[in-house]
Structure formats: structure tokens, C-alpha cells
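Residue strings, one per chain:
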Amino acid sequence: QQKVQQSPESLIVPEGGMASLNCTSSDRNVDYFWWYRQHSGKSPKMLMSIFSNGEKEEGRFTVHLNKASLHTSLHIRDSQPSDSALYLCAASDTGGLSGKLTFGEGTQVTVIS
Amino acid sequence: NSKVIQTPRYLVKGQGQKAKMRCIPEKGHPVVFWYQQNKNNEFKFLINFQNQEVLQQIDMTEKRFSAECPSNSPCSLEIQSSEAGDSALYLCATRQLNYAEQFFGPGTRLTVL
């Protein structure tokens, strides 16, 4: 069963606009969320991680986490064409034996000029 | 930037052939993960190691998949008898022992004809 759900599946954003992506885990053991960005033909690169309730900002990127609902969101402001990529949300149970990542199926973001 | 090395970058095999791919972890990263990303962007965790020991793995009941991380040699993932459904991007990720972030290599794209 899919334990990490992402929405929307795809998103078209005008250059300079705001992109908002959502992610929810159904696994109550999860305690860490990761946002990865994967450009076409490349491997995933970690953008941001969050494990505390609240908000974290790094440059144009902001992540929110609600631990009670296991929901996280990623917001990209002033979107640039180089932000066009697959955005993957992953969750991990860092207290677990392996700390493996469980990924959602991603949100494909396209920034148009 | 990730310093995880994966070889080969591309691998083409016929059905029933053996496919082997390798991963050299980033220096100082004793924990190694293998993931499979299919063409629908679905990620599947396969196996992970801490040094040479398996921490967790999926049920490779068909025993077609095997992996190892020998001391002083690259880690490897091998598919004994490739099937069309094995066509995917195989990603190796590594991390430090006490830091949860995983760093991905460029992947090996396997195509089974």
C-alpha cells in the first residue's frame, strides 16, 4: 500500500509564481520528512528536511510540517525555469533499524516563462 | 554534491541475462541503500547495509536479486535472470552512521530487452 501520498501529480507555474506541493504519510512511525528534487535524467538531490512541527525556510523554499496529521508541504516562491523538475517527498523512521526512505510518486513541476 | 559513484551508468541486457551494477559509497558513509525507480517514478527500497552487514531487505523471494558490500570493494547489486519488469533506474544512496540524510549516486539505468 502507498504510505506516502503526494499531490498534485503535476503543476504548471508561471515564472516568478508560487508553487505549493503537498505530502502525507499514513505510517505513524515516521518522524522525518525529506523533500528531494530530481531533474530529468538525474538522481534525486535533497532540498530540505524537517522533523519538528512548524516551518523552515531556506532561500526561496519553505517547508511546513504538521506532525499530528503527518502532513508536510513545500512552497517555492519566485519560481524559476530551473525549478522545473520532479519533486519527491520521502519519509523515514529514523529510530528504525534501517532508516530507509519511503517515497511518494512525486509532483512534476513545470515553470513556464 | 554527492560523491557516490555508480557504474555502469547504462546497462542493456536480454531477458534471462545477468545484470550487475556497482556502487562506491561516499567516504565516511558506512550505510548503503539500494532503491529501484521505475518509469512511473515509483520507488522501491531493495536492501541496505551497514558496513558489510544487511540491515533490512525486501522479500526477494524469487532470489533473482542479490547484493553485497564486501570490505574494501564496491558494493554490488546483481539480478541473476533479468526480466522486462526489472527495467528501471537503480539508485545507490549512502549516509553517515549518525546523520540521517542520504546522498544518491547518479544511478544505473537498466534496460531489459
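These lines cover the structure that appears in this document, whether it is placed above or below. (Residues numbered from 1 in each chain as written. Chains lettered and ligands numbered in written order. Predicted model: local features only at pLDDT ≥ 70, side-chain atom pairs only at ≥ 80, totals over all residues. Heavy atoms only, no water.)

1. Side note on the sheet that holds strand β3 (residues 19-24) of chain B
Residue and element names in this part refer to chain B. An order of β1-β3-β8-β7 is seen for the four strands of this open sheet, with the pairing classed as antiparallel. At either margin of the open sheet sits one strand with a lone partner, and together these are β1 (5-7) and β7 (65-68). Each neighbouring strand pair of the sheet contributes to a mean axis angle of 15 degrees, computed without reference to strand direction. For β1 and β3, the ladder comprises three bridges, and the chain directions are antiparallel. Bridge assignment links Q6 to a residue of β3, and that residue is C23. (Pairing = 2+ DSSP bridges. Helix = DSSP H or I, 4+ residues; strand = E, 2+ residues; numbered from the N terminus. Axes fitted to C-alpha atoms, helices over the stretch in contact; angles between N-to-C directions.)

2. A short note on the interface of chain B and chain A
In this complex, chain B contributes 19 residues to the contact, which on the side of chain A involves 17 residues. For the pair chain B and chain A, the summed buried surface comes to about 1600 Å²; carbon and sulfur atoms form 60% of the total. Here chain B and chain A share five residue pairs in polar contact (both at pLDDT 80 or more) between them. Elements supplying a minimum of two residues to the side of chain B that touches chain A: β4 (31-37), β5 (43-50), β6 (53-57) and β9 (88-95) of chain B. Looking at the side of chain B that touches chain A residue by residue, the class counts come to 10 nonpolar, six polar and three charged. (Contact = heavy atoms within 4.5 Å. Buried area = accessible area lost by both parts, 1.4 Å probe. Polar contact = N/O pair within 3.5 Å; in protein donor to acceptor, adjacent residues only side chain to side chain. Nonpolar A, V, L, I, M, F, W, Y, C, P; charged D, E, K, R; others polar.)

3. As for the pattern of salt bridges
Evaluation of the coordinates by the stated rule reveals five salt bridges over all chains. Measuring nitrogen to oxygen at the nearest pair gives 4.0 Å for the salt bridge that ties R77(A) to E57(A). In this pair, R77(A) sits in the loop between β8 (71-76) and β9 (85-92) while E57(A) sits in strand β6 (residues 54-58), placing the two residues 20 residues apart along the sequence. When its relative accessible area of 40% is taken as the criterion, R77(A) is described as partly exposed. E83(B) is the salt-bridge partner of R64(B), the closest N and O atoms lying 3.5 Å from each other. Taken together, the residues span a long stretch of sequence, with R64(B) in the loop between β6 and β7 and E83(B) in the loop between β8 (75-79) and β9 at a distance of 19 residues. Beyond isolated ion pairs, a larger network of salt bridges with shared partners links R37(A), R60(A) and D83(A). (Salt bridge = Lys/Arg side-chain N within 4 Å of Asp/Glu carboxyl O. Buried < 20%, exposed > 50% of the residue type's maximum accessible area, 1.4 Å probe, protein only.)

Interpretation note: all reported values are geometric properties and have no functional meaning in isolation.
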